[in-house]
Amino acid sequence: MPMIPYGRQDISQADIDAVVEVMRSDFLTQGPTVPAFEKAVATYCGTQHAVAVNSATSALHIACLALGVGKGDIVWTTPITFVASANCALYCGAVVDFVDIDPSTYNLSVECLAEKLAIAEKRGSLPKVLIPVHLCGQSCDMESIHALSQQYGFKIIEDASHAIGGRYKGEPVGNCRYSDITVFSFHPVKIITTGEGGMALTNDPELASRMQRYRSHGITSTPDEMVARPDNEIWNYQQITLGYNYRMTDIHAALGISQMQRIDEFVSKRHAIAERYNELLAGLPLTTPWQHPYGYSGWHLYVIRLKLDEIRKTHKDVYESLRKQGIGVNLHYIPVYRQPFYEKMGFKVGYCAEAEQYFQEVVSIPVYPGLTIELQGQVVEAIRKALEI
Ligand SMILES: *Cc1c(COP(=O)(O)O)cnc(C)c1O
C-alpha cells in the first residue's frame, strides 16, 4: 500500500489542458501568461503588484535585496520554519537571528519580539528586516508586528508560503496591509501549485520594479531607469545592478492560473479535513492546533502535539510507528538554528526554549484536498495504534 503523504497537489483535467495550451503557443517563457498569473494573484489578494519567480526561496531572496539587505545588516525570523526563511538573509551577506515562538499558535511570539527589540535597541543591533512566517497557514498577529516595526523602524517580509487563501482580520493574507512584501510558495505540497514556483507581492511600485530587475539579471528596458548613453547608440536594455535568472515560465504560470480558479475550494476542503481531525482526535493524549479567532487559516499543515507525559511512547516511537503504518508524517520544523550549518555559526542548543519544546513533541499528519474521509479514518486509527490507545 502506498504511503499517505502529509501533503500533495490536486491536478484537474482543466489544469492539464491549460498547460498543454501554453505548450502549443508562441511563448514558453517571457510571454503573456506570467503577467496574467501575477494579475490573478494580486487581484485575489487585493495587492497592487506581484512578481512571479521560480520558487518562494527566490522570492525571499529578491525581497531581501529589494529592501536593501546587505553586509552588516541583521534579519530576524522564527526558528520554526523551513530553512529558506533564514537562508535568504545569508544570501545577501546579512546576519540572521531568531525570535522564539508563541506556545499556542507556534508562530513567532510578539511578546518575545517586543522584548528582543528593546534589548537590541539598547545594544544598537536592531534588525533591518523581520520575516514572520504564517506557520501551517495561520497568520501571525500582523497588526501588532506592524506596530513594532513603526516603533523600531524595521521592514517586514511575510513568509506566507503556507497561507495563500487564508485571511487575517477579514482580509486576504498577501494584501501587505501590515508588511512591505509578502511571499507565496507554489511547491506541490502547498495550497496551490505551479510545480516549482513562488511570488512576491507588494503595494510599493519601487519595490516591485526592483524585484522585477533582480528576477532577471538586474536588467531594465524601461528608459526612465536607464543611464544616459550617446544618442547614436542602441540601448534597448541595460544591466543596472547584479541580478539572477529567477523567472517563472509561462508553462508553470498556466498551471498557476488554472489552480487559482479552485483556491477557495482547496482551502475549504482543508478546513473540513481540519475540523474532522479536531473531532476524531479529541480525547487523545495530544493537542490539536489552536486557532486564533482573528484568522482563517490556509491549513497547509495540521500539526498534532503529543502529550508525552501521558503516554508510554517517545516522540520518535510515535513518528516511526506512523511511518511504518504507511502514514507519511513529517516534522515541521526542526528549529533552523539547530541545523549543523547554523550551529557552525555559533547557535547553541536551548537558544529558543519554546521552539525546542515544540520540536520534541510535534508531528504533521496528512492534509490535502484529495484526502478522503476513509483515508482520514486510516490516519486516525494509525495514531491511536501508535499511541497504544
Ligand atoms: C516551502 C517553503 C519555503 C520555500 O518554498 P519554495 O517554493 O520551495 O522555495 C519557504 N518558506 C516556507 C515557510 C516554506 O514552507
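What you see is a predicted model, and the numbers here were worked out from it, not measured in a lab. (Residues numbered from 1 in each chain as written. Predicted model: local features only at pLDDT ≥ 70, side-chain atom pairs only at ≥ 80, totals over all residues. Heavy atoms only, no water.)

Student: Would you explain helix α8 (residues 250-260) in this entry?
Tutor: Note: α-helices contain 3.6 residues per turn, so residues at a spacing of three or four share the same orientation. When you tally the buried positions in α8, you get 8 out of 11 residues, the bulk of the element. Among all positions in α8, only D250, A253, A254, L255, G256, S258, Q259 and M260 are buried. Buried residues belonging to α8 abut α1 (13-23), α2 (33-45) and α9 (263-281). By the N-cap criterion, in which a side-chain oxygen at the helix start approaches the backbone nitrogen of a residue two or three places on, α8 is capped by T249, the distance to I251 being 3.3 Å. (Buried < 20%, exposed > 50% of the residue type's maximum accessible area, 1.4 Å probe, protein only. Helix = DSSP H or I, 4+ residues; strand = E, 2+ residues; numbered from the N terminus. Contact = heavy atoms within 4.5 Å. Polar contact = N/O pair within 3.5 Å; in protein donor to acceptor, adjacent residues only side chain to side chain.)

Student: Sorry if this is basic, but what is going on with a nonpolar patch on the surface here?
Tutor: On the surface, I11, I16 and V20 cluster together into a nonpolar patch covering about 210 Å² of accessible area. Inspection of the secondary structure assignment puts I16 in helix α1. Look at I16 and you get partly exposed, because its relative accessible area is 40%. (Patch = residues over 30% accessible without salt bridge, like charges linked within 9 Å, V, L, I, M, F, W, Y side chains within 5 Å. Areas by Shrake-Rupley, 256 points an atom, 1.4 Å probe, with all protein chains shown as cover. Salt bridge = Lys/Arg side-chain N within 4 Å of Asp/Glu carboxyl O.)

Student: Which parts of the structure should I look at to understand the packing of aromatic side chains?
Tutor: For any pair of aromatic rings, geometry is given as the distance between the ring centres together with the angle between the planes. On inspection of all chains with the given rule, the structure shows 14 aromatic pairs. When the centroid spacing of 5.9 Å and the interplanar angle of 85° are considered together, the rings of Y168 and Y178 count as edge-to-face. Of this pair, Y168 sits in strand β7 (residues 167-168) while Y178 sits in the loop between β8 (171-172) and β9 (181-185), placing them 10 residues apart in sequence. Here Y168 matches Y178 in class, with each residue buried. (Phe/Tyr/Trp six-rings, centres within 6.5 Å; stacked < 30°, edge-to-face > 60°.)

Student: Would you explain helix α7 (residues 205-215) in this entry?
Tutor: Restricting attention to buried positions, one finds in α7 the residues L207, A208, S209, M211, R213, Y214 and R215. Capping the start of α7 is the job of one residue whose side-chain oxygen sits 2.8 Å from the backbone nitrogen of E206: D204. Count one or two residues on from α7 and you reach H217, which has phi positive near 65°.

Student: When you look at the packing of α1 against α8 in this model, what are you seeing that I'm missing?
Tutor: The relative placement of two packed helices comes down to the angle between their axes together with the axis-to-axis distance. Running from N to C, α1 and α8 cross one another at 150°; their axes reach a closest spacing of 8 Å. The angle between α1 and α8 falls in the class roughly antiparallel. Like other packed secondary-structure pairs, α1 and α8 cross with a definite hand, here right-handed. Contacts between α1 and α8 involve A14, D15, A18, V19, V22 and M23 on the former and, on the latter, D250, I251, A254, L255, S258 and Q259. Of the residues that constitute the contact of α1 with α8, the class distribution is 8 nonpolar, 2 polar and 2 charged. (Axes fitted to C-alpha atoms, helices over the stretch in contact; angles between N-to-C directions. Parallel < 35°, antiparallel > 145°, perpendicular 65-115°, else oblique. Left-handed = near helix turned anticlockwise from the far one by under 90°. Nonpolar A, V, L, I, M, F, W, Y, C, P; charged D, E, K, R; others polar.)

Student: Would you take a moment to explain the pattern of salt bridges for this structure?
Tutor: Side chains carrying opposite charge are able to pair once their charged atoms draw close together. Applying the stated criterion across every chain, the model contains 15 salt bridges. Measuring nitrogen to oxygen at the nearest pair gives 2.7 Å for the salt bridge that ties D15 to R262. Of this pair, D15 sits in helix α1 while R262 sits in the loop between α8 and α9, and the two are 247 residues apart along the sequence. The class for D15 is buried, based on a relative accessible area of 0%. The exposure class of R262 is buried, given its relative accessible area of 15%. E265 serves as the salt-bridge partner of K269, at 3.4 Å between the closest nitrogen and oxygen. Within this pair, K269 and its partner E265 are both found in helix α9, separated by 4 residues, close to a single helical turn. Look at the salt bridges and you will find they share partners, linking D10, D15 and R262 into a network.

Student: Where do I start with the sheet that holds strand β5 (residues 129-131) in this structure?
Tutor: Hydrogen bonds between backbone atoms are what pair the strands of a sheet, whose relative direction is either parallel or antiparallel. Strand order in the open sheet formed by 7 strands is β2-β10-β9-β6-β5-β3-β4, with mixed pairing between adjacent strands. In this open sheet, the two strands that pair with only one neighbour each are β2 (49-53) and β4 (95-98). Adjacent strand axes in the sheet meet at a mean angle of 20° when their direction is disregarded. Bridge count between β5 and strand β6 (residues 155-159): 2 bridges; the pairing is parallel. Bridging across to β6, V129 finds its partner in K155. (Pairing = 2+ DSSP bridges.)

Student: I'm lost on the site of the ligand in this one. Help?
Tutor: Close to the ligand lie 15 residues; T57, D159, H162, S185 and K190 are nearest. A distance of 2.5 Å is found between an oxygen atom of the ligand and a side-chain nitrogen or oxygen belonging to T57. Taking D159, its side chain carries an N or O atom lying 2.7 Å from a nitrogen atom of the ligand. If the ligand stood free it would expose 380 Å²; the protein chains cover 92% of that surface. Elements with a contribution of two residues or more to the shell around the ligand: α3 (56-66) and α4 (84-91). Considered class by class, the residues forming the shell around the ligand number 5 nonpolar, 8 polar and 2 charged. (Near = heavy atom within 4 Å.)

Student: Just to check I follow, could you spell out the pairing of strand β15 (residues 302-306) for this structure?
Tutor: Walk down a regular strand and you will see the side chains alternate between the two sheet faces. Where burial is concerned, most of β15 is hidden: 5 out of the 5 residues are buried. Of the two faces of β15, the one lined by Y302, I304 and L306 and the one lined by V303 and R305 are each fully buried. Of the strand pairs in this sheet, strand β13 (residues 286-287) and β15 are connected by 2 bridges, and their pairing is antiparallel. Following the sheet pairing, L286 is matched in β15 by L306. Where β15 meets strand β17 (residues 362-365), 4 bridges bridge the pair, whose relative direction is antiparallel. For I304, the partnering residue across the bridge sits in β17 and is V363.

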